[in-house]
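So the chains spell out like this:
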Amino acid sequence: MHRHFLDLFDISREEALGLLDLADRLKRDDSEGHRPQLLPGRILGLIFEKPSLRTRVSFEAAMARLGGNALFLQGKDVGLGVRESVSDFARVISQYVDAIAIRTFSHETIVELARHATIPIINALSDAAHPCQAMADLMTIREERGRLDGLKLAFVGDGNNVAMSLAVASALAGLEFVLACPPGYEFPDDFRGRFAAAFPGVALRVEHNPRSAATDADVIYTDVWASMGQEDEVEARGKVFAPYQVDRDLLNLGSPGVIFLHCLPAHRGEEVTAEVLDHPRSRIIPQAANRLHFQKALLFWLLSEDNVEVNGRPISSHASVR
Ligand code: CP
Ligand code: NVA
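All values derive from a computational prediction rather than experimental measurement. All residue numbers refer to position in the chain's written sequence, counted from 1. Each chain is given a letter, starting from A, and each ligand a number, starting from 1, according to the order in which they appear as written. Owing to the predicted nature of the model, reporting of local features is limited to residues with pLDDT of at least 70; listing and counting of side-chain atom pairs is limited to 80 or more, with chain, interface and lining totals taken over all residues. No hydrogens and no water enter the side-chain calculation; it runs on all heavy atoms of the structure.

1. Focus: the overall build of the protein
A run of H or I in DSSP becomes a helix once it reaches four residues, and a run of E becomes a strand once it reaches two; helices and strands are each numbered from the N terminus. The number of helices and strands found in the protein is 14 helices and eleven strands. Restricting the calculation to C-alpha atoms gives the radius of gyration, and the globule rule supplies 2.2 Å times the number of residues raised to the power 0.38. In terms of C-alpha radius of gyration, the protein reaches 19 Å, essentially the compact-globule figure of 20 Å for 322 residues. Summary of the burial criterion: residues with accessible area below 20% of their type's maximum are buried, those above 50% are exposed, and those between are partly exposed, where the area comes from a 1.4 Å probe applied to protein chains only. Within the protein, the proportion of its 322 residues that are buried is 54%. Residue contacts follow a heavy-atom distance rule, with two residues in contact if any of their heavy atoms lie within 4.5 Å. Counted over contacts in the protein with a minimum sequence separation of 6, partners at least 24 positions apart contribute 73%. With residues, only the protein chains shown are counted as cover, and all accessible areas are computed by Shrake-Rupley using a 1.4 Å probe. Just so you have it, the protein exposes about 13,200 Å², and 51% of that area is on carbon and sulfur atoms. Only four residue types enter the tally: Lys and Arg on the positive side, Asp and Glu on the negative side, with His and both chain ends excluded. Positions of charges follow a simple convention, taking NZ of Lys, CZ of Arg, CG of Asp or CD of Glu. Mean positive and mean negative side-chain charge positions of the protein (34 and 44 charges, respectively) differ by 4 Å.

In structure tokens:
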């Protein structure tokens, strides 16, 4: 019996918090010089139909640090659904590697891959979700603010893949999430339906005023206005989103300990000023670092059958997150 990690609707609150604890633990061990070979000989296939720095390199590095290997395949070489059907691909590649992390355009491709694969499938970004990013971001927020429950996260920008995963991550971890976006760029209806079904009683807050969203926020977050695959909308979106730029004035509306986050890559001077990206309250670089640590925890959770002892202490969250 294997699990997938397609979006954050797939995991429970207990599993999410267990994964965060495991990621913290692995990060601490790593900083103390312990890099246990938790996945010796295991192989992760990486299929990317879009560019990547953080996700690709952190997955490759995670597998290397865990004693396994990663195999990178460009989407155009694989030709998912073009060169061959997704189901044929899924059944064949399941014989060669132990798990797949895939970055693709249509979330439905990932769902179909998971339906036919006999190994765990990880979403490395689709049009609907970026779950590894949002979980690593929870790790960063907890490190910086000491807790998650009750904090306010304001996402100022497009109701996109990153925003959707952050909304679900926030609901799982007890943060108060608010999206501030231009009219017409709210969350899609199917996402709102899934959210309402998964979190009855949790409001999915969306507003159009970035200043009221940012007021008293503990975390102010933004992302590009046009995601990969929306290149032909760059100009139109640039005009519509201009009032939503995160600048020093917006950051100053946050709570006294506010931090600024951005999944990166950032367009300096567009969705955020260079001043805010490089501001003392910005945590974009440790945020990117946590992609590696969270993904080590995720890979261990998805792939390991063993309870292990590292640095004289058992990895106890394994049992609780599985
Ligand atoms: N944040 C993120 O996913 O970055 P990459 O596109 O470089 O992987
Ligand atoms: N929303 C962005 C995130 C990049 C990490 C995109 O999909 O291009």
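So that's the structure; there's more coming.
2. Things to note about unusual backbone geometry
Looking along the chain, the bond that leaves Leu264 and enters Pro265 is cis, with omega of 5°. Structurally, Pro265 can be placed in the loop between strand E9 (259-262) and helix H12 (274-277). Positive phi, normally seen in glycine, also occurs at Leu264, with a value near 65°. If you trace the backbone, Leu264 turns up in the loop between E9 and H12. Accessibility expressed as a relative area gives 16% for Leu264, which makes it buried.

3. Concerning the site of ligand 1
Around ligand 1, the neighbouring residues are Ser52, Leu53, Arg54, Thr55, Arg103, His130, Gln133, Cys263, Leu264 and Arg291. Residues adjacent in sequence count toward polar contacts only when both atoms are side-chain atoms; beyond that, a polar contact is any pair of N or O atoms within 3.5 Å, and within protein one must be able to donate a hydrogen and the other to accept it. In this structure, an oxygen atom belonging to ligand 1 sits 2.8 Å away from a side-chain N or O atom of Arg103. Measuring from an oxygen atom of ligand 1, one finds a side-chain N or O atom of His130 at 2.8 Å. Summarising the interface, the protein chains cover 95% of the accessible area of ligand 1, which totals 260 Å² for the free molecule. Note on residue categories: nonpolar means Ala, Val, Leu, Ile, Met, Phe, Trp, Tyr, Cys or Pro, charged means Asp, Glu, Lys or Arg, and polar means any other residue, Gly included. Looking at the shell around ligand 1 residue by residue, the class counts come to three nonpolar, four polar and three charged. Throughout this document, a residue counts as near a molecule or strand when at least one of its heavy atoms sits within 4 Å of that molecule or strand.

4. Re the packing of aromatic side chains
Stacked, tilted and edge-to-face pairs are distinguished by plane angle, under 30 degrees for stacked and over 60 for edge-to-face with tilted covering the rest, among Phe, Tyr and Trp rings (Trp via its six-membered ring) whose centres lie within 6.5 Å. In the structure shown here, the tally under the stated rule is twelve aromatic pairs. Note on Phe187 and Phe191: the rings are 5.0 Å apart at their centroids and 50° apart in plane angle, and the pair reads as tilted. An identical accessibility class is assigned to Phe187 and Phe191; each is buried. With a centroid separation of 6.4 Å and an interplanar angle of 70°, the aromatic rings of Phe241 and Tyr244 are classed as edge-to-face. The residues Phe241 and Tyr244 share a single accessibility class, namely buried. An aromatic cluster of three or more residues is present, and its members are Phe9, Phe177, Phe187, Phe191, Phe195 and Phe199. Either the NZ atom of lysine or the CZ atom of arginine qualifies as a charge over a ring when it sits within 6 Å of the ring centre and within 35 degrees of the ring normal. Between Arg56 and the ring centre of Phe72, over which it is positioned, the NZ or CZ distance is 3.5 Å.

5. Considering the state of the cysteines
What counts as a disulfide here is a pair of cysteine sulfur atoms lying within 2.5 Å. Scanning the model with the defined rule gives zero disulfides in all. Here Cys132 is not cross-linked by a disulfide; its sulfur's nearest cysteine counterpart is in Cys263, at 13 Å. Just so you know, Cys181 is unpaired, no disulfide at all, and the nearest cysteine sulfur is the one on Cys263, 16 Å from it.

6. Focus on the nonpolar core
Ranked by internal contacts, the top residues of the largest apolar core, which has 68 residues, are Phe5 and Met135. The dominant element in this core, judged by the number of residues it contributes, is helix H7 (residues 161-173), at ten residues. Judged by nonpolar contacts, the second largest core, of 19 residues, contains Val156, Tyr244, Val258 and Leu277. Side-chain atoms within 4.5 Å are what join buried Ala, Val, Leu, Ile, Met, Phe, Trp, Tyr and Cys residues into a set we call a nonpolar core.

7. What about the site of ligand 2?
Neighbouring residues of ligand 2: Leu125, Asn160, Asn161, Val162, Asp223, Val224, Ser227, Met228 and Leu264. Asn160 places a polar side-chain atom, nitrogen or oxygen, 3.3 Å from a nitrogen atom of ligand 2. The separation between an oxygen atom of ligand 2 and a polar main-chain atom of Met228 is 2.8 Å. Contact with the protein chains covers 95% of the free accessible surface of ligand 2, which is 270 Å². In terms of residue class, the shell around ligand 2 is made up of five nonpolar, three polar and one charged.

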